[in-house]
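As a plain string of letters, each chain reads:
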Amino acid sequence: MIVSLIGYRGCGKSTVAPRLAAQLGCPWIDADQELERRLGRTISHVFAEEGEAAFRRYERDVLVDLLRNERLVLATGGGAVLNASTRSDLRAAGPVAWLTAPVELLARRIEADGAAGSARPALTGRSAVDEVADVLSRRNSLYAETATLTIDVSGRTPDEIVEAILAEMNSLSSEAAS
Ligand code: S3P
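Everything numeric in this text was worked out from a predicted model, so none of it was measured.

A. Region of the structure containing the packing of helix α2 (residues 31–39) against helix α4 (residues 52–66). The interhelical angle for the contact between α2 and α4, taken along N-to-C directions, is 105°, at an axis separation of 10 Å. Here α2 is positioned roughly perpendicular relative to α4, judged by the angle of their axes. Along the contact surface, α2 presents A31, D32, E34, L35, R38 and L39, while α4 presents F55, Y58, E59, V62, L63, D65 and L66. Its residues assigned to classes, the contact of α2 with α4 comprises 8 nonpolar, no polar and 5 charged.

B. Layout of helix α1 (residues 13–24). With 12 residues, α1 should reach 16 Å at 1.5 Å per residue; the first-to-last C-alpha distance of 16 Å fits that figure. Here α1 has its buried residues at K13, V16, A17, L20 and A21. Down the axis of α1, the smallest arc covering the buried residues is 135°, so these residues share one side. Residues of α1 that are buried make contact with β1 (2–6), β2 (28–30), β3 (72–75), β4 (96–100) and α8 (158–177). The first or second residue beyond α1 is G25, which carries a positive phi of 65°.

C. A look at the site of the ligand. Neighbouring residues of the ligand: 14 residues in total, closest K13, D32, R56, G78 and R139. Within the contact set of the ligand, an oxygen atom lies 2.6 Å away from a side-chain nitrogen or oxygen of R56. Contact distances for the ligand include 3.5 Å between an oxygen atom and a backbone N or O atom of G79. Protein burial of the ligand: of its 390 Å² of free accessible surface, 95% is covered by the chains. More than half of the atoms belonging to the ligand lie within 2 Å of the grid points that define the largest pocket. Considering every element that reaches the shell around the ligand, the biggest residue donor is α4, with 3 residues.

D. Inspection of the environment of V81 at higher detail. When you line up the elements, V81 lands in the loop between β3 and α5 (84–93). In sequence terms V81 and S14 are 67 residues apart; their C-alpha atoms lie 16 Å from each other. Residues in contact with V81, not counting those within four places in the same chain, are I6, R87, L142, Y143 and T146.

What counts, and at which threshold
- Residues numbered from 1 in each chain as written.
- Predicted model: local features only at pLDDT ≥ 70, side-chain atom pairs only at ≥ 80, totals over all residues.
- Heavy atoms only, no water.
- Axes fitted to C-alpha atoms, helices over the stretch in contact; angles between N-to-C directions.
- Helix = DSSP H or I, 4+ residues; strand = E, 2+ residues; numbered from the N terminus.
- Parallel < 35°, antiparallel > 145°, perpendicular 65-115°, else oblique.
- Contact = heavy atoms within 4.5 Å.
- Nonpolar A, V, L, I, M, F, W, Y, C, P; charged D, E, K, R; others polar.
- Expected span 1.5 Å × (residues − 1).
- Buried < 20%, exposed > 50% of the residue type's maximum accessible area, 1.4 Å probe, protein only.
- Arc of directions from axis to C-beta.
- Near = heavy atom within 4 Å.
- Polar contact = N/O pair within 3.5 Å; in protein donor to acceptor, adjacent residues only side chain to side chain.
- Areas by Shrake-Rupley, 256 points an atom, 1.4 Å probe, with all protein chains shown as cover.
- 1 Å grid on protein atoms, 1.4 Å probe; cavity = no way out; pocket = protein on both sides within 12 Å on 5 of 7 lines; lining within 4 Å.
- Sits in = over half its atoms within 2 Å of the grid points.

Structural measurements only, silent on function.
Below you can see the structure in the form of structure tokens.
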């Protein structure tokens with residue numbers, strides 16, 4: 001079983017993934033870090049040198065490989081759900097947790113990441129709040145279509161988010177068994 005985390009940049013996927021994996025006693029992988037490791041380049045470089053379309057192809061290839069694992073917690077990139085095959089592959093592999101948060105919180109975290117030197121490439125060239133609002137309005141239906149459970153992360157610590165995911169997974173599996 002693969003438990004996937006989906007959601008916009010800044011929602012906490014990479015922070016939650018190792019904690020969730022520790023609770024489940026399985027490995028975890030951040031798909032963006034794996035992509036950067038394989039290509040030997042940062043995502044910003046890939047966007048700058050080859051453009052977003054090329055990045056999306058690499059992203060899809062990495063996810064196809066990672067989805068071959070038996071047991072894994074998989075933190076996906078915020079745009080992974082743009083690919084229809086990825087949306088169905090993630091669902092077929094196991095529970096998919098969508099971490100949601102208000103636009104302002106996501107924008108604040110994305111700006112803080114940028115200030116800390118771990119910026120991701122801008123997707124629209126607009127201010128963080130405008131970009132998040134705009135891109136989310138186009139992506140929300142894709143996240144919703146892919147998710148098997150949804151957790152609002154605002155006001156929750158990473159450990160509380162993990163607890164909420166595990167509780168939802170348990171109730172989904174007992175519903176399926178009854
Ligand atoms: C992207 C999100 C990033 C990364 C890339 C594109 C997006 O992942 O895959 O910069 O389109 O939302 P994170 O959500 O892990 O930052």
